[in-house]
Amino acid sequence: MSLRKFITNKTTAALAVLITAFANTSVFAQDAAAGAAAAPKVDMGEVYKSVIFYILVFLAVCLFIAIIGKAIRVYELSREAQGKAVGINWNRIHASLFALFLVIGLYGVYWEYTVHGAMLLPAAASEHGKKIDEMFNLTLIITTIVFVATHILLFGFSYIYKYSAKRKAYYYPHNNTIEKIWTIVPALVLTVLVLMGFLTWRSIFFKVEDPKNKPLQIEVTSEQFKWSIRYPGADGVVGNKNYKLTTATNPLGIDFKDLNSRDDEMADEMVIPVGKPVKLILTSKDVIHSFYMPHFRVQLNTVPGMRVFFEFTPTKTTAEMQQETNDPNFKYLFFCAKICGSGHYNMQKVVRVVSEAEYKTWLAEQKTYLNDDLRKQFNLPVAPAPAKAAADSTATDSAAVKTNQMALNK
């Protein structure tokens with residue numbers, strides 16, 4: 001082989017290109033390694049947290065896909081220009097991708113149920129919570145069956161009936177029977193679900209009050225970023241309040257002209273007796289909050305200027321839930337489920353469900369909202385000193401008199 005042919009040979013040229021590229025890559029790699037050893041280490045943590053970093057990664061991936069697409073297109077055009085058959089059967093590739101995504105998707109459904117299924121809702125601890133769970137589970141089962149069946153048909157047909165030059169598609173424009181089935185069956189199923197939801201909602205919000213078992217009233221007031229809990233006194237009725245009466249000494253704006261307000265009590269936690277209906281009175285001082293008790297299936301917005309009511313009956317004490325969950329530190333909580341500001345995460349309170357006897361003992365220890373400062377503000381008579389303190393004072397005075405008499409006798 002002559003020198004000229006050896007130089008112009010394609011194999012020789014390709015080898016030369018590869019050797020050159022390898023040599024340049026080696027030099028660049030050595031320079032990069034030396035530079036990395038000399039340069040100080042950079043903390044990439046902040047870079048990975050940046051939105052710009054992920055935008056650039058996304059654009060780089062898009063650019064890579066575009067380059068691959070253009071290279072494939074050039075390959076196809078070159079084969080077409082040479083009069084050769086199409087090298088890539090895209091119909092077969094697309095059909096295979098459909099089948100692959102079907103398998104991955106079905107596995108994703110299985111994984112979601114097995115891994116995240118237990119995280120959906122905690123165990124219900126109220127009477128109406130069981131009804132909500134039954135409705136939720138029925139809806140989830142039906143929609144899952146429909147989801148799996150329709151996607152198997154969708155992706156399966158796309159794979160089985162992919163384009164083939166050996167067959168012709170059958171023209172099938174209309175079928176009354178099929179259209180009746182896929183119209184009537186979903187309509188019946190949705191009707192059952194809607195009626196079930198309506199009846200469940202009605203049974204929760206429209207209750208006939210039993211005069212022998214009246215609900216316990218508890219008022220919960222939300223504000224940024226805390227909750228205030230008010231219990232009724234011996235009369236069993238939470239008194240009125242007016243935002244115009246809000247002051248430093250009367251932060252809830254309680255109206256003490258209403259006699260029902262004068263014996264109301266404040267609490268740092270919500271304590272409720274098991275098996276007894278509880279009527280929540282929800283209000284807000286500033287912005288819209290969302291009162292959320294997940295274990296009791298209670299969630300309602302608290303709106304400034306409005307009183308929202310919700311009645312439920314707890315069925316499990318805190319001690320029973322601790323045994324059931326095998327967690328001695330378990331606590332019922334209620335939260336704010338509305339992002340109401342920077343301190344939103346702090347808005348939570350403990351809820352204790354106890355026996356009737358424990359509840360009465362706890363309630364007797366709570367202090368009334370009305371204090372001496374409020375009595376002066378509303379021109380109410382100041383409360384007399386407790387009887388025990390008066391008796392102690394009398395006994396002290398009697399002892400002093402006796403001591404003086406003994407001194408005089410001496």
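Residues numbered from 1 in each chain as written. Predicted model: local features only at pLDDT ≥ 70, side-chain atom pairs only at ≥ 80, totals over all residues. Heavy atoms only, no water.

### Overview of the overall build of the protein
For the protein, the helix and strand inventory stands at 11 helices and 10 strands. Across the 410 residues of the protein, 24% fall into the buried class. In the protein, of all internal contacts separated by at least 6 residues, the share reaching a separation of at least 24 is 67%. Only carbon and sulfur atoms are counted for the fraction: they give 65% of the accessible area of the protein, which is about 28,900 Å². (Helix = DSSP H or I, 4+ residues; strand = E, 2+ residues; numbered from the N terminus. Buried < 20%, exposed > 50% of the residue type's maximum accessible area, 1.4 Å probe, protein only. Contact = heavy atoms within 4.5 Å. Areas by Shrake-Rupley, 256 points an atom, 1.4 Å probe, with all protein chains shown as cover.)

### So, the pattern of salt bridges
Summed over the entire model, instances satisfying the criterion amount to 7 salt bridges. Among the charged side chains, a salt-bridge network with shared partners connects Glu-219, Arg-230, Lys-241 and Asp-264. (Salt bridge = Lys/Arg side-chain N within 4 Å of Asp/Glu carboxyl O.)

### Concerning the sheet that holds strand E8 (residues 308-312)
One open sheet accounts for 5 strands, arranged E3-E2-E1-E5-E8; its pairing is mixed. Each edge of the sheet is formed by a strand with only one pairing partner; in this case those strands are strand E3 (265-267) and E8. Between one strand axis and the next, the sheet turns through 25° on average, direction left out of account. For strand E1 (residues 216-223) and strand E5 (residues 278-284), the ladder comprises 7 bridges, and the chain directions are parallel. Residue pairing for E5: Thr-221 is matched across the bridge by Thr-283. Along the sheet face, helix H9 (residues 356-364) touches E1, strand E2 (226-231) and E3 and points at about 100° away from the line of E2. (Pairing = 2+ DSSP bridges. Axes fitted to C-alpha atoms, helices over the stretch in contact; angles between N-to-C directions.)

### What to know about the UniProt feature "transmembrane region" (unreviewed entry) in the protein
In the UniProt entry, the feature "transmembrane region" (unreviewed entry) is given for residues 53-72, 93-111, 138-161 and 181-201. This span, residues 93-111, is 100% helix and 0% strand, and a straight line between its end C-alpha atoms measures 27 Å. Between the C-alpha atoms that bound residues 181-201 there is a distance of 30 Å. The span itself is 100% helix and 0% strand. (UniProt positions renumbered as here; feature names shortened; annotations may be inferred.)

### Details of the pairing of strand E9 (residues 332-336)
Covered by surrounding structure in E9 are Tyr-332, Phe-334 and Cys-336 only, the residues Leu-333 and Phe-335 on the alternate face being uncovered. Here 2 bridges tie strand E6 (residues 289-293) to E9, and the two strands are oriented antiparallel to one another. Each residue of the ladder has a partner; that of Tyr-292, found in E9, is Phe-335.

### Focus: the packing of aromatic side chains
This structure, assessed with the given rule, holds 19 aromatic pairs. Centre to centre, the rings of Phe-205 and Phe-310 are 5.4 Å apart; their planes meet at 85°, and the pair counts as edge-to-face. Taken together, the positions of Phe-205 in helix H7 (residues 176-205) and Phe-310 in strand E8 put the pair 105 residues apart, joining distant regions of the chain. A residue is classified by how much of its surface remains accessible, and Phe-205, at 35% relative accessible area, is partly exposed. Given the relative accessible area of 6%, Phe-310 is considered buried. Seen in terms of ring centroids, Tyr-231 and Trp-362 are 5.2 Å apart; in terms of plane orientation they differ by 65°. Their pairing is edge-to-face. Note that Tyr-231 is positioned in strand E2 and Trp-362 in helix H9, a separation of 131 residues in sequence. For the pair shown, Tyr-231 and Trp-362 are each scored as buried. (Phe/Tyr/Trp six-rings, centres within 6.5 Å; stacked < 30°, edge-to-face > 60°.)

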